[in-house]
Structures are given as structure tokens and as C-alpha cells.
Amino acid sequence: MIEKDGVAPLEMVAKEFPSDPDILYKPKAIIECYKEIPCNPCETSCPFDAITIGEDINKRPHIDFDKCTGCAVCVYNCPGLAITVRQINDEGALLKIPYEFLPLPQKGDSVNVINREGRVIGQGVVKRVQNTMRQDHTPLIHVETRKEHIMDAMTIEVIA
Amino acid sequence: MKQCESIIIGGGPAGLRAAKALLESGARVCLIDRNASMGGQLIKQTHMFFGSEKQHASTRGISIQHKLLSDVMRYGSRIEILSETHVVGVYQDKVIACMKDDRFFKMRGEAIIIATGASEKHLPFENNDLPGVYAAGAVQTLMNEYGIKPGHKVLMVGSGNIGLIVSYQLMQAGVEVVALAEAASQISGYHVHASKIKRHGVDILTNTSIKRALGETEVTGAELWKLDESWQGIEGSEWTIDLDTICISVGLAPLSELFQQVGANVEYVRELGGNVPVIDNTYQTTIDGVYACGDAIGIEEASSAMVEGEMTGIYAAHAMAKAHPNESTRLKALEEELAFLRSGPHAEKIRVGYKKRGEVS
């Protein structure tokens, strides 16, 4: 339960996904900001006006999946690291994950895929490590994993 | 004796924004801090801030410090910064007494703003004075300001935002956080911060507290126990964890010594963290010309401290007949910012605290 251990149950997570699963054939930001807190950088950073919070910055963000391009600008602007970009294709699931630990993985590395409880649920391959000045020390790891992990994958672990 | 138009005690987010407002109003400012660098706690805050763009949301604390400091430094000779200077006395004739490099001196100002922030609370438990028991903010200073790893295996006690954020920063520094214990039945900080550490393997234990620290000359472990609904330890529920560091994050208390010393009225408001000065709606204490803002008047987020600081600077300038160029529009906008920052469910305690203070004073 999120109030007790910080883990959002998958039923809760599912509500943040597009209702039509085919929408995820294009990359989309999945926002896991379940509680009202005074914060709106996701809204102000989105280049496509896809995220709305409104004048009262305590409100939860709402995303318009028609406008979202999966560019991930909100992912590295979110102070709570609560946003990931997710996409499915014929081979598997592709995620863009904010990752603020060293060492960073390298392109081509195999990594462990971790769920919201901190458990290893499978393996993934790093497709790209995006770490520009604009991201201000919040690198994005583009990782490909099995399609079944599209919802429960949350972060990665570098294999020593 | 040295004369200053306005003196600000404390160069954190509130003090820096108060300085900026006074400088914009044409006043001269002397900004005093006991630390080597201005910025207060911002200098060790490597995480991104919440809030809106107006409070530098999504920017890391350390970058906000650079911004706030350069905002005041561009006023050149009108701003004087006294670092590593301890204010040891404030008097009703607006004279302050300072210590710097073992030298004692006095200054007089037309307005004095006390923005001294807060100190960390401790928790009573057996062996809580063993080396290896730290306050969470102290650990953050060691790691992020001085580059010193505080230990290898850490227990964090307290799930407020500081406990959650410092746990995450310990992990970034390569330190293992073995568990986070919270006495209440729910996590008290933002859930997004809790999720960040949980997904990287930290167990968050609610209804749990530390019973005692283990070790003879330094911490070698901790004995934890479960708490019942009335926060009493349950006999027989104890278990031990091997570790070398215990980090206490159980809240902050306003640093109110200078208010008491100058003779300003101070009252105890639990929801605001402890003893806080009575202030009027211009942030003036019961002593004429002595103002207060930031965590020193009630524990909140740094975003609120910045807003309060600017308002206090504007009011103090007004009282010295140096009106801020956009006085009324800025004050209105800042009031609105504060209202939004204090309107969410996480600000319930703050709202209760301010209501109480209104009734008392």
C-alpha cells in the first residue's frame, strides 16, 4: 500500500495508462503522482501542452495522450522522479527511466529490470543513455525488456 | 559602532530573498550568516525542488543558492556579506552583537530581520549519544557539502521528506540504507519520495521505532520494535539489525533564541515546530523594527520560506520609507503563492499552526 511502503499497487498504476493499449505503440509518458502535492514542473516543462494541473498546483496532473509524444522532457523535470515513458512494439517494451546513480550503464549493457517493490523481475538491454546539460544530472536510460513488463517495470539495476 | 540600514540574520532562502527585496527597494543590506557560504540548507540540497516556477521548482537546491546569491550580489556596494559570523545578541534599540574570528563587535540597523531557520530534533532512546548516531541534516552536510561518507550501513528513523530525501542521497553516495523506520502508521513525507527509495530496495517500516542503539564505543547495530496504535513499544516485538550509522529525522524546531533574547513575545505552537515569535501581518515581531521570516517562524518547505522572505523584505523597506517599486502587486502575488503552497493535504499541519497562532496573538 502506497501510504505504508511507497508501492503503488498495479490496479492503481493501470489507471494511469491509456485505456486503449494500442496507444502505447507510440511512446507515452506515464505519470505516477498519486497524491496531491504543491508541484507543477511537468505541466510547465511539457513542450506540447499535453499535461494539465491548472492554477491550483496541488491538483494531480492529467495527461492528454493525443498530445503526448513521449519526448521525456517531463521525466527529467519531475522532482519526484514519478514519470516514465513507455512504449510497446512487436519485440517487447521500451522504457525511458530516470536514473540518478553511478555507475551509469552503457549502451548495449544487460541490466536487471526492477519493479516498484525493488525486486528483480527480469532482464533488459540498454538502448541509449541520454544525459545532456539540459537534464541537469537526471540521466535517462532507454531500456528494452519483455512486453509483459510494460506495467510493472519501474527502474533498472546495473549488473556488476 | 557600525551603522547599517537593514540587517538580516541568516543567509538561507528566506534571508536571501528578504535581502533582494530590500535591495530592489533601494536599501542597503548587511547579510550575516554563521556558515562560510550563504544559502543555508540549499547548499547541500542536491534534489530538485517542488512547487511552481515561481519557487524554482524542478531546480536543484544548490542551483537555487547560486541564483539567489547572484540576485543580491549584483547590487555591488549596497550589499555587505558577513560570513562565519555569529550573532550573539539582539537588543531592543536594534543593536546586534556579533562574533567573527574571535573578535566581538556591534552594529546598529534601522530594521533587523531574523531568519535563523531551524535545528533538528533528537529522539530519546538508549545509547542515543553513541558515535554513529547522527541527525539526518548533519549527514546531508557531511556528504554533500564536505564529501564525507558517514558510514556504510544506515538505519533512517523518520519518514518525513528529509528522512526520505537523505535516504535517497545516501544511496546515491553508495551507502546501504538497511531500513527506514516510521513510528506512525503511514509515511509522512511525499509518497513520490518514498517510492524512489522503495524501488531501489529500501524497506519502509511503519509502526516501528528504534528502541536502543547497540555498541560499546560506537554504533554496531540497532534494536527496533513495533509500536501499537498509541505509539507505545510492544514488548517481545524487538529485533536487531547490524549497521554502523543511525540517522534521526524526526522534525525540526525553529531557532527562536534571538527572539527570546531581544524580548519579543514567543509562543509555543506544536504544529509550527515549537517556540515561534508572535508576528503581525507585516512579519514584524512585538519589537518595533525587528522582523522574522522563514523556518524561524514555523517549519515549512524552503519554497514558503523564500516567499515569506521577500514579503518581509518589502514590509521592512516600507517601514524605512523605501517603497519597493512594485510593492502592492508583488505583495498580492506573494500572498497568492503562499496560499497555494499551504493549501494541499500535506500542509494541513501548517494551516492548523497558523490558525492557532492567529488566535493566540
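Residues numbered from 1 in each chain as written. Chains lettered and ligands numbered in written order. Predicted model: local features only at pLDDT ≥ 70, side-chain atom pairs only at ≥ 80, totals over all residues.

Draft legend 1. Seen up close, the overall build of chain B. Secondary structure assignment for chain B yields nine helices and 19 strands. Whereas a compact globule of 361 residues would reach a radius of gyration of roughly 21 Å, chain B reaches 21 Å, a difference of no more than 12%. Based on the C-alpha atoms only, the size of chain B along its principal axes is roughly 65 × 45 × 35 Å. Within chain B, buried positions represent 51% of all 361 residues. Here the contacts in chain B between residues at least 6 apart in sequence split such that 63% fall between residues at least 24 apart. (Helix = DSSP H or I, 4+ residues; strand = E, 2+ residues; numbered from the N terminus. Rg over C-alpha atoms; globule rule 2.2 N^0.38 Å. Buried ≥ 20, exposed ≤ 12 C-beta atoms within 10 Å, placed from the backbone. Contact = placed C-beta atoms within 7 Å.)

Draft legend 2. Region of interest: the sheet that holds strand β8 (residues 133-135) of chain B. Residues and elements named next belong to chain B. The strand order across the open sheet formed by five strands is β8-β15-β9-β10-β11, and the pairing between neighbours is parallel. Here the strands that pair on one side only, and so sit at the sheet edges, are β8 and β11 (204-205). Pairing geometry for strand β9 (residues 153-157) and strand β15 (residues 245-248), over four bridges, is parallel. Paired with Met156 across the two strands is Cys247, which belongs to β15. Contacting β8, β9 and β15, helix α3 (residues 136-145) crosses the sheet at an angle of about 90° to β8. (Pairing = 2+ DSSP bridges. Axes fitted to C-alpha atoms, helices over the stretch in contact; angles between N-to-C directions.)

Draft legend 3. Quick look at the packing of helix α1 (residues 13-24) of chain B against helix α2 (residues 61-73) of chain B. Residues and elements named next belong to chain B. Two elements in contact, α1 and α2, have axes separated by 9 Å at closest approach and are oriented at 30°. By the criterion of interaxial angle, the relationship of α1 to α2 is roughly parallel. Considering only the axes of α1 and α2, their crossing is left-handed. Judged by residue contacts, Pro13, Leu16, Arg17, Ala19, Lys20 and Leu23 of α1 engage Leu68, Leu69, Asp71 and Val72 from α2. (Parallel < 35°, antiparallel > 145°, perpendicular 65-115°, else oblique. Left-handed = near helix turned anticlockwise from the far one by under 90°.)

Draft legend 4. Quick look at the interface of chain B and chain A. Taken together, the contacts link 32 residues of chain B with 35 residues of chain A. Secondary-structure elements contributing two or more residues to the side of chain B that touches chain A are α5 (191-198) and α8 (327-341) of chain B. Take the side of chain B that touches chain A: its biggest share by element is seven residues, from α5 of chain B. Per-class residue counts for the side of chain B that touches chain A are 12 nonpolar, 15 polar and five charged. (Nonpolar A, V, L, I, M, F, W, Y, C, P; charged D, E, K, R; others polar.)

Draft legend 5. Here's a closer look at the environment of Glu223 of chain B. Residues and elements named next belong to chain B. By the element assignment, Glu223 lies in strand β13 (residues 221-226). Judged by the 16 C-beta atoms lying within 10 Å of it, Glu223 is partly exposed. When the C-alpha atoms of Glu223 and Glu337 are compared, they prove to be 44 Å apart, with 114 residues separating the residues in sequence.

Draft legend 6. Quick peek at the domain arrangement of chain B. All names here are of chain B. According to the domain assignment, chain B contains domain 1 (2-119 + 252-360) and domain 2 (123-248). Spacing between the C-alpha centres of domain 1 and domain 2 amounts to 31 Å. Listed per partner, the contact involves six residues of domain 1 and eight residues of domain 2. A per-class count over the side of domain 1 that touches domain 2 returns one nonpolar, four polar and one charged. (Domains from an automatic or database assignment.)

Draft legend 7. Representation of the packing of helix α7 (residues 302-319) of chain B against α8 of chain B in the model. Residue and element names in this part refer to chain B. As a packed pair, α7 and α8 sit with axes 10 Å apart at the nearest point and diverge in direction by 155°. In terms of axis orientation, α7 runs roughly antiparallel to α8. As for the relative orientation of α7 and α8, their crossing is left-handed in sense. Contact residues: Ser303, Ser304, Val307, Glu310, Met311, Ile314 and His318 in α7; Glu327, Arg330, Leu331, Leu334, Glu337, Leu338 and Leu341 in α8.

Draft legend 8. Fine view of the sheet that holds strand β7 (residues 120-130) of chain A. Residues and elements named next belong to chain A. Spatial strand order, β1-β4-β5-β8-β7-β6-β9: seven strands in an open sheet with antiparallel pairing. Edge positions in the sheet fall to β1 (28-31) and β9 (155-158), since each of these pairs with one other strand and no more. Direction aside, neighbouring strands of the sheet carry axes that sit 40° apart on average. Pairing geometry for strand β4 (residues 83-88) and strand β5 (residues 93-98), over four bridges, is antiparallel. Within the sheet, the bridge partner assigned to Ile88 lies in β5 and is Ala93.

Draft legend 9. Main features of the nonpolar core. Residue and element names in this part refer to chain B. One finds Ile8, Ile9, Ile112, Ile113, Ile114 and Tyr291 to be the most contacted residues of the largest nonpolar core, which totals 109 residues. Broken down by element, this core gets its largest block of residues, nine residues, from α7. When near neighbours in sequence (up to four residues on either side) are disregarded, Ile113 contacts Ser6, Ile8, Ile9, Gly15, Ala18, Tyr291, Cys293, Thr312 and Ala316. Counting residues in hydrophobic clusters, the runner-up holds 34 residues, among them Val133, Val139, Leu155 and Ile248. (Core = buried A, V, L, I, M, F, W, Y, C linked by C-beta atoms within 7 Å.)

Draft legend 10. Region of interest: the environment of Gln284 of chain B. All names here are of chain B. On the secondary structure map, Gln284 appears in the loop between β18 (274-277) and β19 (290-292). Here Gln284 falls in the buried class, since 22 other C-beta atoms lie within 10 Å of it. Separated by 32 residues in sequence, Gln284 and Ala316 have C-alpha atoms that sit 8.2 Å apart. Excluding anything up to four places from it in sequence, Gln284 contacts Ile279, Val290 and Tyr291.

Draft legend 11. Examining the confidence of the model for chain B more closely. With 99% of its residues at a pLDDT of at least 70, chain B reaches an overall mean of 96. The complex model carries a pTM of 0.95, and its ipTM stands at 0.97. (pLDDT = per-residue confidence, 0-100.)

Draft legend 12. Representation of α2 of chain B within the structure. Residues and elements named next belong to chain B. Across its 13 residues, α2 extends 18 Å between first and last C-alpha, which sits within 8% of the 18 Å expected from 1.5 Å per residue. All of the buried residues along α2 are Gly61, Ile64, Gln65, Leu68, Leu69 and Val72. All buried residues of α2 fall inside an arc of 130° around its axis, so they share one side. Residues of α2 that are exposed and point over 90 degrees away from its buried face: Lys67 and Ser70. Each element contacted by the buried residues of α2 is listed here: α1 and β3 (79-82). (Expected span 1.5 Å × (residues − 1). Arc of directions from axis to C-beta.)

Draft legend 13. Spatial organisation of the pairing of strand β5 (residues 95-100) of chain B. Residues and elements named next belong to chain B. Across five bridges, the pairing between strand β4 (residues 85-90) and β5 is antiparallel. Across the sheet, Thr85 pairs through a bridge with Lys100, a residue of β5. The antiparallel hairpin formed by β4 and β5 contains four residues in its connecting segment, where Lys94 sits at a positive phi of about 65°. From the end of β5 to the start of strand β6 (residues 103-114), which pair antiparallel, there are two residues, and Asp101 there has a positive phi angle of about 50°.

Draft legend 14. Spatial organisation of unusual backbone geometry. With an omega of -5°, the peptide bond between Leu102 of chain A and Pro103 of chain A qualifies as cis. In this structure, Pro103 of chain A sits in the loop between β5 and β6 (110-114). Unusually for a residue other than glycine, Glu84 of chain B sits at a positive phi of about 45°. Summarising the element assignment, Glu84 of chain B is placed in the loop between β3 and β4.

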